[in-house]
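Examining the three-dimensional arrangement
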Amino acid sequence: MSKLVTDLRKLIYLDISRNHLYSVEQHILCNLPVSLQALSISNNALHYFSWPNLTCLGNLSYLNLSVNHLSFLPYSFTEFPPDLHILDLSSNKITHLPDQFLSQAKALQCLYLNTNRLVVLNLQSLPTLLTNGTYFQLLTLHDNPFSCDCYNSGLEVFLRTSHTRIPHLTTAVQCEFPESLQGQSVLTVDLRSCQEIYGGLAFLLSTLFTCAFIALPLLRHLYGWDVWYCLQILWAGCKGYLHPSASCSPKHYDAFVVFDTNNQAVRDWVYNELVIRLESSGYRRFSLCLEERDWIPGLSCIENLHNAVHSSGKTVFVLSNGTRNDVGEATINGVIRQTFFMVQQRLLDEKVDVAVLILLDKMFPKLKYLQLRTRLCRKSVMSWPRNPKAQPLFWNQMRTALSSDNLQLYDDNISEGFI
């Protein structure tokens, strides 16, 4: 065909419609006469058209590609002839009009997009002359399955405000989606419903953010320590460490006794009661580790503390209200605090519960850990009785606590897998 019309140097109009063409090769467009002003390739079977080669037809003002099978338009910038006024893409299978496809069609005044498969039409994809046009410009959109939801609300605004001539606007530019609006005009879309949806969503999100901003600090203040402790317990359970019996680290002592060495009353009780009762008397005698007696000179405090905790079967905390600060509040010795952290670390890392607590005072502060410990393993928390007749029972309970595995003394409601 290109050889047929090459010598027709004054050809203005070429109509090759109804020829069952499946494609127009790239070199064919460039071999057409430059004088060509109108080209019609409608009523064929085109699946592809060489858009970049349109620049070879510098005088083209009318291009008709209607009634074909075009479904794809290029997403990149497409150079159009400077005088292209009419582009007919009607009766194809176009589903999307890319934003940059018609951006260089500066002179386009008539665009036929009717009878395609357009669902959403972005106004940025239309040429400037059509979006800000007058009645002399023409745009056909009828017989497309438009979606009448908030994502396509810009189309409804354009149709109401544009001065461009749009045939069949009120009769054939209809909604296909959603089903409740199927068959109705696109002009029936209520933009206020979109504003209500987005406004309600924004109000809900802002309300949730405000409630979280207020509640989180309060919950952290009230239950922060409890949540942290429970999370650590759950994490240790999920990591799946070996059973405590699998631990093969040597134990040189039956128990490490940690107490406030600066409190004379506590010192006297430890050396005159605890050490004598457990190490020097009874049917079973225990080997105890004491800071002042058994720690190795020359090692740092933290090294001695680590060795004492990990080389002892149990760690006994002797607690008292006797040590107070300048404002009268009970304080905890630094060694006791560090020992507590190491014992908890053994619980999390090795699944070994070695803590035994002795409360020397009748009235003791209601610490959260003590309350939790009393619920989980009541037999590992003991109070020194003031009645001398009850003291033999106390020592019997103490021997039982040092001889037994704490996990076996836990409440029945707490499973080993959870711990």
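The rules behind these values
- Residues numbered from 1 in each chain as written.
- Predicted model: local features only at pLDDT ≥ 70, side-chain atom pairs only at ≥ 80, totals over all residues.
- Heavy atoms only, no water.
- Helix = DSSP H or I, 4+ residues; strand = E, 2+ residues; numbered from the N terminus.
- Buried < 20%, exposed > 50% of the residue type's maximum accessible area, 1.4 Å probe, protein only.
- Contact = heavy atoms within 4.5 Å.
- Pairing = 2+ DSSP bridges.
- Axes fitted to C-alpha atoms, helices over the stretch in contact; angles between N-to-C directions.
- Parallel < 35°, antiparallel > 145°, perpendicular 65-115°, else oblique.
- Left-handed = near helix turned anticlockwise from the far one by under 90°.
- Nonpolar A, V, L, I, M, F, W, Y, C, P; charged D, E, K, R; others polar.
- Phe/Tyr/Trp six-rings, centres within 6.5 Å; stacked < 30°, edge-to-face > 60°.

In this fold, His-85 is placed in the loop between strand E3 (62-64) and strand E4 (86-88). His-85 gets classed as partly exposed once you look at its relative accessible area, which sits at 34%. Once the C-alpha coordinates of His-85 and Lys-106 are considered, the two residues, 21 residues apart in sequence, prove to be 8.8 Å apart. Ignoring any residue separated from it by four or fewer positions in sequence, one finds His-85 in contact with Ser-61, Ala-107, Leu-108, Gln-109 and Cys-110.

Below, the discussion takes up the sheet that holds strand E11 (residues 312-319). Within the open sheet, the five strands sit side by side as E10-E9-E11-E12-E13. Their pairing is parallel. In the strand order of this sheet, the two ends are held by strand E10 (288-290) and strand E13 (381-383), each with one partner. Taking each pair of neighbouring strands and ignoring which way they run, the sheet shows an average axis angle of 25°. Pairing between strand E12 (residues 355-359) and E13: three bridges, direction parallel. Paired with Ile-358 across the strands is Met-382, a residue of E13. In the packing of helix H6 (residues 264-279) onto the sheet, contacts are made with strand E9 (253-258), E10, E11 and E12, and the angle to E10 comes to roughly 160°. Against the sheet, helix H10 (residues 368-376) engages E12 and E13, with an angle of about 115° to E12.

Looking now at the packing of H6 against helix H11 (residues 391-403). Closest axis-to-axis distance for the H6/H11 pair is 11 Å, and the angle between their directions is 70°. The orientation of H6 relative to H11 falls into the category roughly perpendicular. Of the two possible hands of crossing, H6 and H11 adopt the one that is right-handed. Only Phe-394, Trp-395, Met-398, Arg-399 and Leu-402 of H11 make contact with H6, whose side of the interface consists of Trp-269, Glu-273, Leu-274, Arg-277 and Leu-278. Residues of the contact of H6 with H11, tallied by class, amount to seven nonpolar, no polar and three charged.

A separate point is the packing of aromatic side chains. One pass over the structure, following the stated rule, counts 15 aromatic pairs. Between Trp-51 and Phe-101, the aromatic rings sit 5.1 Å apart at their centres with planes inclined by 85°, giving edge-to-face as the arrangement. Highlighted residues: Trp-51 in the loop between strand E2 (38-40) and E3 and Phe-101 in the loop between E4 and strand E5 (110-112), separated in sequence by 50 residues. Accessibility classification places Trp-51 together with Phe-101 in one group, the buried group.

Along a regular strand, successive side chains alternate from one face of the sheet to the other. Most of E12 is tucked away, with five of its five residues classed as buried. On E12, burial covers both faces: Ala-355, Leu-357 and Leu-359 on one face and Val-356 and Ile-358 on the other are all buried.

Attention now moves to the sheet that holds strand E1 (residues 13-15). The six strands lie next to each other as E1-E2-E3-E4-E5-E6, forming an open sheet whose pairing is parallel. The two strands at the open ends of the sheet, each matched to only one other strand, are E1 and strand E6 (138-140). When strand polarity is set aside, the average angle formed by the axes of neighbouring strands in this sheet is 5°. Strand direction decides the pairing type here: E5 and E6, joined by three bridges, are parallel. Bridge pairing in E6 places Cys-110 opposite Leu-138.

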